[in-house]
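Residue strings, one per chain:
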Amino acid sequence: MLSEFEIQAISLSLKVAVSAVGISLPFAILSAWLLTRTQFWLKPLFDALLHLPLVLPPVVIGYLLLISFSPNGFIGAPLAKYLNINISFSWQGAALASAIVAFPLMVRAIRLSLLAVDRNLEQAASTLGASPLRVFSTITLPLMIPGIISGVILAFARSLGEFGATITFVSNIPEITRTIPLAMYSFIQTPGAEYQALRLCIIAIIIALLALIASYWLEHKTLQKISGNKGL
Amino acid sequence: MKIKLNAVLNEFELCIDTEIADSGICVIFGRSGSGKTSLINLIAGLETPISGVISHGDQCFYDSDKNINLPTHQRDIGYVFQQARLFPHLDVNANLRYGYNETADANQVLLKRVIDLLQIDALLKRFPSSLSGGEQQRVAIGRALLKRPKLLLMDEPLSSLDHPRKKELLTYLEQLNKTFKLPILYVTHSLDEVLYLADEMLVLDQGKLLLQGDVESVWNHPKMKPWLGHDQQCALLHTKVSAQHPKHPLTALDLGDGQQLWVTTINSEFGAPVRLRIYAKDISLTAEKATRTQTSIRNIIKACIVDIDIQQTNVSIKLALGSNFLWADITLWALEDLQLSVGQHIYAQIKGVSIKNQDWVTN
């Protein structure tokens, strides 16, 4: 069926994408909340910075990560010195690159769902004695779930497809940073490896389709629950 | 409860300085945009005044001098909104229990009572979207009650319902006040709801307190006239059931001065208080009392003219009978021919059939 090489690339890709989504989700919810529910002086700048990865060439992001997270970089140096962490040229670095590139997509989806939450319901909850934190966790967050799911799926798909920032930041090291797109790139560069490239191409399509189907299913299910049609 | 506040609303300033009884139903009445909803939002803490004091019982909600502004979730209030605002992702049971403190309710006495009173037992497993408007509002009321508030705020809770549902929910609300002995501040612009529910009444106009007092005195106050509408001029009377007719489906109400008013049957025991409204257009005046074999009108009541208000097209005559008042609309022509004056005694004729079911309520 799948060659060992393919299995490696797939599992690495999934590991990178899942971690990228996992780390960015809490920050994405927080950012969406800051953007929709608060007013602060630097908000336009914050908004612009947040959306920057969407419009910047991924290579630029990879390059910026490289100069800041390398063992001599202004973030990488203290990380290496005090915490003995070095994420450049590792799968964690690939996850960070994917997370940054996918972040604006996730925030946008979550922000839309937060905007759609009926503030009247939050008011009602507070008159029932719920503290702001309880209102958020029991009313706001559950009502945002469809948006969170679509944000997660979008970010997951974007992470799976990440190429430019990854190859610039963590290079294309077999077994360590060679995700599906990077593996494909390597095959395309190698004369006579068209068949392997095609196989990876089909695998990528299958993963993407599965992710889409999963998202539709989840979204349908939660929407049904929120609108209350039979619920369970 | 004590309310003294200044707040800026969209178009005007809200200035209130008053005390409201800590029991019964107090209706806040006024046109839309008069500031009634803002007033209870300020009490709930959903809006913030510029200055003033709001306190209920021993809890101070807001005091600008002492820098107190209790957040909504710490105020001992329940709030029933115009729309039910049930949480769509929770079933009825979870909605009911959202503000409910299980440990404070040994053996779930309160829970059972609320479910019983509002008859929502069969709805518990359903989700809000599958409920009718009336059912949703019942659940919303139950949810607010289960929080054990010390004050219940209601913002036109019936206005989103159709007429039969309104009537149904009104009976629940009446029982609610009797069963739970909970002070209720009830915002409405419907005179029917005032008639049914109010003990005390506050009239707001442009953010100012226009009138306040018990319902009868506010309702019959001359300043209330513009609110009652041109052909809706009516007086509110406080009466008691004094007799049932042996042969016909009629009930006699004691007007307080020994005189009786016959209306279609009210199924209440002797002595039960009845609040009644009589429209000014349904009353005619006569100088001499006809006997019951001469006229079809059963109610010919002796009253004293206390006020004559001449308007462009007609004349409103205010009549006193015992502690009650009546308004009668007559033409200018009739006024001249009858030569009526303040202090004069006259007979008011009221057709018994003009008093309909929706015009009275028993307490």
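This structure is a prediction, so every number in the text was calculated from the model and none was measured.

Colleague: Lay out the overall build of chain A in plain terms, naming residues and giving numbers.
Modeller: Per the secondary structure count, chain A includes 10 helices and 0 strands. If you line up chain A on its principal axes, its C-alpha atoms span 65 × 45 × 30 Å. Taken across its 232 residues, chain A has 43% of its residues classed as buried. Contacts spanning at least 24 positions in sequence make up 71% of the contacts within chain A whose residues lie at least 6 apart. With the model as given, the accessible surface of chain A reaches about 12,300 Å², and the carbon-plus-sulfur share is 72%. Each charge class in chain A was averaged separately, 14 positive and 9 negative side chains, and the resulting centres sit 11 Å apart.

Colleague: So what's going on with the overall build of chain B? Which residues, and what values?
Modeller: Each helix and strand in chain B was counted, giving 9 helices and 21 strands. Expressed along its principal axes, the backbone C-alpha trace of chain B runs to roughly 70 × 50 × 35 Å. Counting over 363 residues, chain B shows a buried share of 54%. Counted over contacts in chain B with a minimum sequence separation of 6, partners at least 24 positions apart contribute 65%. For chain B, the exposed surface amounts to about 16,400 Å²; the carbon and sulfur share of it is 49%. The positive charge centre, built from 37 side chains, and the negative charge centre, built from 40, are 5 Å apart in chain B.

Colleague: Please set out the pattern of salt bridges residue by residue, giving values where relevant.
Modeller: All names here are of chain B. Taken as a whole and assessed by the stated rule, the structure comprises 14 salt bridges over all chains. Taking the shortest distance from any N to any O, the salt bridge between Lys36 and Glu156 comes out at 3.7 Å. Within this pair, whereas Lys36 is found in helix H1 (residues 36-44), its partner Glu156 is found in the loop between strand S8 (151-155) and helix H5 (163-180), the two being separated by 120 residues in sequence. Residue Lys36 is classed as buried on the basis of its relative accessible area of 3%. Owing to a relative accessible area of 8%, Glu156 belongs among the buried residues under this scheme.

Colleague: Give a description of the nonpolar core that names residues and reports values.
Modeller: The tendency in soluble globular proteins is for nonpolar side chains to be buried side by side. All names here are of chain B. Leu5, Leu39, Ile43, Phe87, Leu153 and Leu185 are the most contacted members of the largest nonpolar core, which has 71 residues in total. For Leu185, the residues in contact, after removing those within four places along its chain, are Met1, Ile20, Cys26, Ile28, Ile40, Ile43, Leu151, Leu152, Leu153 and Met154. Core analysis: the second largest hydrophobic core is formed by 57 residues, Leu111, Val139, Val215 and Trp227 among them.

Colleague: So what's going on with the side chain of Asn220 of chain B? Which residues, and what values?
Modeller: Residues and elements named next belong to chain B. Note on placement: Asn220 falls in the loop between helix H7 (215-219) and helix H8 (225-228). Using a relative accessible area of 5% as the deciding quantity, one classes Asn220 as buried. Contact partners of Asn220, with chain neighbours within four places excluded, come to Cys234, Ala235, Leu236, Lys318, Phe325 and Trp327.

Colleague: Could you give an account of the environment of Ile297 of chain B, naming the residues involved and the relevant values?
Modeller: Residue and element names in this part refer to chain B. Structurally, the position occupied by Ile297 is in the loop between strand S16 (283-286) and strand S17 (299-310). The class of Ile297 is buried, set by a relative accessible area of 15%. Separated by 56 residues in sequence, Ile297 and Val353 place their C-alpha atoms 9.5 Å apart. With sequence-adjacent residues up to four places away left out, Ile297 is seen in contact with Gln349, Ile350 and Lys351.

Colleague: Please set out the interface of chain B and chain A residue by residue, giving values where relevant.
Modeller: A common way to report how large an interface is uses the accessible area buried once the components associate. On the side of chain A, 25 residues touch chain B, which itself brings 18 residues to the contact. Taking both sides of the interface into account, the surface hidden between chain B and chain A amounts to around 1,900 Å²; carbon and sulfur atoms contribute 65%. Considering only the surface of chain B that becomes buried against chain A, His73, His89 and Tyr98 of chain B emerge as the three largest contributors, covering 37% of it. Linking chain B to chain A there are 0 salt bridges. Inspection of the chain B/chain A interface yields 6 residue pairs in polar contact (both at pLDDT 80 or more). Those elements that provide at least two residues to the side of chain B that touches chain A are strand S7 (77-80) and helix H4 (133-146) of chain B. Across the side of chain B that touches chain A, the residue classes break down as 10 nonpolar, 5 polar and 3 charged.

Colleague: Tell me about H1 of chain B, residues and numbers included.
Modeller: Here H1 of chain B lies mainly inside the structure; 8 of its 9 residues are buried. Among all positions in H1 of chain B, only Lys36, Ser38, Leu39, Ile40, Asn41, Leu42, Ile43 and Ala44 of chain B are buried.

Colleague: Provide a residue-level description of the packing of helix H1 (residues 4-37) of chain A against helix H9 (residues 180-189) of chain A, including the pertinent values.
Modeller: Residue and element names in this part refer to chain A. Packing of H1 against H9 brings their axes to within 8 Å, and their N-to-C directions diverge by 140 degrees. Along its contact with H1, which presents Phe5, Ala9, Ile10 and Ser13, the element H9 presents Ile180, Pro181, Ala183 and Phe187. Across the contact of H1 with H9, the residue classes break down as 7 nonpolar, 1 polar and no charged.

Colleague: Quick one: what's the story with the confidence of the model for chain B, residue by residue and with numbers?
Modeller: Residue and element names in this part refer to chain B. Per-residue pLDDT for chain B averages 87, and the proportion of residues at 70 or more is 99%. Averaged pLDDT values for the elements of chain B fall to 77 in H8 and rise to 95 in S7. Across the whole predicted complex the pTM is 0.83, and at the interface the ipTM reaches 0.83.

Colleague: An account of the sheet that holds strand S20 (residues 345-350) of chain B is requested, with residue identities and associated values reported.
Modeller: Residue and element names in this part refer to chain B. Here 5 strands make up an open sheet; going across it, the order is S16-S20-S17-S18-S19 and the pairing antiparallel. Of all the strands in the sheet, just S16 and strand S19 (324-331) have a single pairing partner and so form its edges. Recorded for the sheet is a direction-independent mean angle of 45 degrees between the axes of neighbouring strands. Note: S17 against S20, 6 bridges, orientation antiparallel. Its bridge partner being in S20, Cys304 is matched across the sheet by His345.

Colleague: Account for the pairing of strand S10 (residues 200-205) of chain B, naming residues and giving values.
Modeller: Residue and element names in this part refer to chain B. By the criterion of burial, S10 is predominantly enclosed, with 5 of the 6 residues buried. As judged from the 4 bridges shared by strand S3 (residues 25-29) and S10, these two strands associate in the parallel manner. Of the residues in S10, the one forming a bridge with Val27 is Met201. With 6 bridges joining them, S10 and strand S11 (residues 208-214) adopt antiparallel strand pairing. Paired with Asp205 across the two strands is Lys208, which belongs to S11.

Parameters at a glance
Residues numbered from 1 in each chain as written. Chains lettered and ligands numbered in written order. Predicted model: local features only at pLDDT ≥ 70, side-chain atom pairs only at ≥ 80, totals over all residues. Heavy atoms only, no water. Helix = DSSP H or I, 4+ residues; strand = E, 2+ residues; numbered from the N terminus. Buried < 20%, exposed > 50% of the residue type's maximum accessible area, 1.4 Å probe, protein only. Contact = heavy atoms within 4.5 Å. Areas by Shrake-Rupley, 256 points an atom, 1.4 Å probe, with all protein chains shown as cover. Lys, Arg positive; Asp, Glu negative; His and termini not counted. Charge placed at Lys NZ, Arg CZ, Asp CG, Glu CD. Salt bridge = Lys/Arg side-chain N within 4 Å of Asp/Glu carboxyl O. Core = buried A, V, L, I, M, F, W, Y, C linked by side-chain atoms within 4.5 Å. Buried area = accessible area lost by both parts, 1.4 Å probe. Polar contact = N/O pair within 3.5 Å; in protein donor to acceptor, adjacent residues only side chain to side chain. Nonpolar A, V, L, I, M, F, W, Y, C, P; charged D, E, K, R; others polar. Axes fitted to C-alpha atoms, helices over the stretch in contact; angles between N-to-C directions. pLDDT = per-residue confidence, 0-100. Pairing = 2+ DSSP bridges.

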